Amino acid sequence: MCVFMFTSNSLTKTNCIKYLLQTTARFSHQRAHQQAVRGMATNKRKNEDDKPGTKKPASRTVTSASGPWNQGLKASMNDPGLRVMADDQCVIIRDKYPKARYHFLVLPKRSIPNLKKLVPNDIPLLTHMYDISKELTAALDTGLEFRYGYHAVPSMSLLHLHVVSQDFDSPCLKTKKHWNSFNTEYFIDAEDEKFILATKELYVDKCHKCSKPFSTIPALKSHLVSHIPNNTNKSQ
DNA sequence: GTTCTAGAAC
DNA sequence: GTTCTAGAAC
Ligand SMILES: Nc1ncnc2c1ncn2[C@@H]1O[C@H](COP(=O)(O)O)[C@@H](O)[C@H]1O
Ligand SMILES: [Zn+2]
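If you're wondering where the values come from, they're calculated on a predicted model, not measured in any experiment.

Caption draft 1: Seen up close, the site of ligand 1. If you check the shell around ligand 1, you find 15 residues, and the closest are S76, D95, H151, S155 and H160. Within the contact set of ligand 1, an oxygen atom lies 2.6 Å away from a side-chain nitrogen or oxygen of H151. Contacts to ligand 1 include H160, whose side-chain N or O atom sits 2.5 Å from an oxygen atom. In isolation ligand 1 offers 500 Å² of accessible surface; the protein chains occlude 88% of this area. At the level of elements, α2 (72-77) and β5 (103-108) are the ones that each hand at least two residues to the shell around ligand 1.

So this is what it looks like as structure tokens:
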């Protein structure tokens, strides 16, 4: 039974258009902001250049009020400026740094760290994420092709499905990594049967010789010497 | 992931 | 000279 329904709060075309207008407004605002920040930095550097020897690398805080950088999606899920829609299971947000004209992220409300933590019971949820993505792009009616998938090696925490139009026309697309992460096997299509391979946990934390589990690397290292024949504690 | 920027490449 | 790219950010 599909719980997803078109309601006034979800995927009406009017609402979609509204969110896209927000995209444009926010985006130009963001660019203006970045330019302003850059201008301020330039001014500051000029002043410092008047006093030689006072130059030092600008210190930057590594964590912010919203937590470490790789936890940013958690806050963005509840950011009304980014949220496109939500139902009982999922939230869809606009990607904060869209790599194409349309770029959304679909996140389960129930916190799942990454693909490797998925279990067979999650399959209906994954199907639902894909289904509402298709509903969204259908409602948007952009005439653009879309792809729906996961990054094989994500940087951001919390499982998220990329919904990205295939124009790749965006100032945020800047690096080879950006390109390749959406246009090689790095991008795992949600509907691809190979998808299941990406859900396998690769960290097993066991000895490579005898499969004894270990909890810390020092513990592993003291165990490893037991496998060295005629161990004399010498190296090289 | 992004930002910033030094040094490479053009 | 400008453009591009890769690495640090503790
Ligand atoms: N704070 C944020 N809010 C929303 N989207 C973000 C945020 N930080 C990064 N992103 C996007 O999240 C995606 C994470 O990529 P990945 O971890 O490779 O799947 C990228 O497309 C980023 O543009
Ligand atoms: Zn081409």
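Caption draft 2: How the structure looks around the UniProt feature "domain: HIT" (unreviewed entry) in chain A. Mapped onto this numbering, the UniProt entry annotates "domain: HIT" (unreviewed entry) at residues 70-173. Between the C-alpha atoms that bound residues 70-173 there is a distance of 19 Å. The span itself is 23% helix and 25% strand.

Caption draft 3: Representation of the pattern of salt bridges. Inspection of the entire model under this criterion finds four salt bridges. Across the pair R101 and D169 runs a salt bridge, and its minimum N-O distance is 2.7 Å. Here the residue R101 occupies a position in the loop between β4 (90-94) and β5, and D169 occupies one in the loop between β7 (161-165) and α4 (176-183), the gap between them amounting to 68 residues. Owing to a relative accessible area of 40%, D169 belongs among the partly exposed residues under this scheme. In this structure, R110 and D122 form a salt bridge, with 2.7 Å as the shortest nitrogen-oxygen distance. With R110 in the loop between β5 and α3 (123-140) and D122 in the loop between β5 and α3, this residue pair connects regions lying twelve residues apart in the sequence. Taking the relative accessible area as the measure of exposure, D122 reaches 5% and is therefore buried.

Caption draft 4: Here's a closer look at α3. With 18 residues, α3 ought to run about 26 Å at 1.5 Å a step, and its terminal C-alpha atoms sit 26 Å apart, in line with that. Among the residues of α3, L125, L126, H128, M129, Y130, I132, S133, L136, T137, A139 and L140 are the ones counted as buried.

Caption draft 5: Broad picture of the pairing of β7. In terms of burial, β7 is largely enclosed, as five of its five residues are buried. Going residue by residue along β7, you find L161, V163 and S165 tucked away on one face and H162 and V164 tucked away on the opposite face as well.

Caption draft 6: Summary view of the packing of aromatic side chains. With the rule as written, the count across this model stands at six aromatic pairs. Considering the side-chain rings of Y102 and F146, the 6.1 Å spacing of their centres and the 55° angle between planes classify their relative orientation as tilted. Taken together, the positions of Y102 in the loop between β4 and β5 and F146 in strand β6 (residues 146-151) put the pair 44 residues apart, joining distant regions of the chain. Residues Y102 and F146 agree in their burial class; the two are buried.

Rules used in this analysis
- Residues numbered from 1 in each chain as written.
- Chains lettered and ligands numbered in written order.
- Predicted model: local features only at pLDDT ≥ 70, side-chain atom pairs only at ≥ 80, totals over all residues.
- Heavy atoms only, no water.
- Near = heavy atom within 4 Å.
- Polar contact = N/O pair within 3.5 Å; in protein donor to acceptor, adjacent residues only side chain to side chain.
- Areas by Shrake-Rupley, 256 points an atom, 1.4 Å probe, with all protein chains shown as cover.
- Helix = DSSP H or I, 4+ residues; strand = E, 2+ residues; numbered from the N terminus.
- UniProt positions renumbered as here; feature names shortened; annotations may be inferred.
- Salt bridge = Lys/Arg side-chain N within 4 Å of Asp/Glu carboxyl O.
- Buried < 20%, exposed > 50% of the residue type's maximum accessible area, 1.4 Å probe, protein only.
- Expected span 1.5 Å × (residues − 1).
- Phe/Tyr/Trp six-rings, centres within 6.5 Å; stacked < 30°, edge-to-face > 60°.

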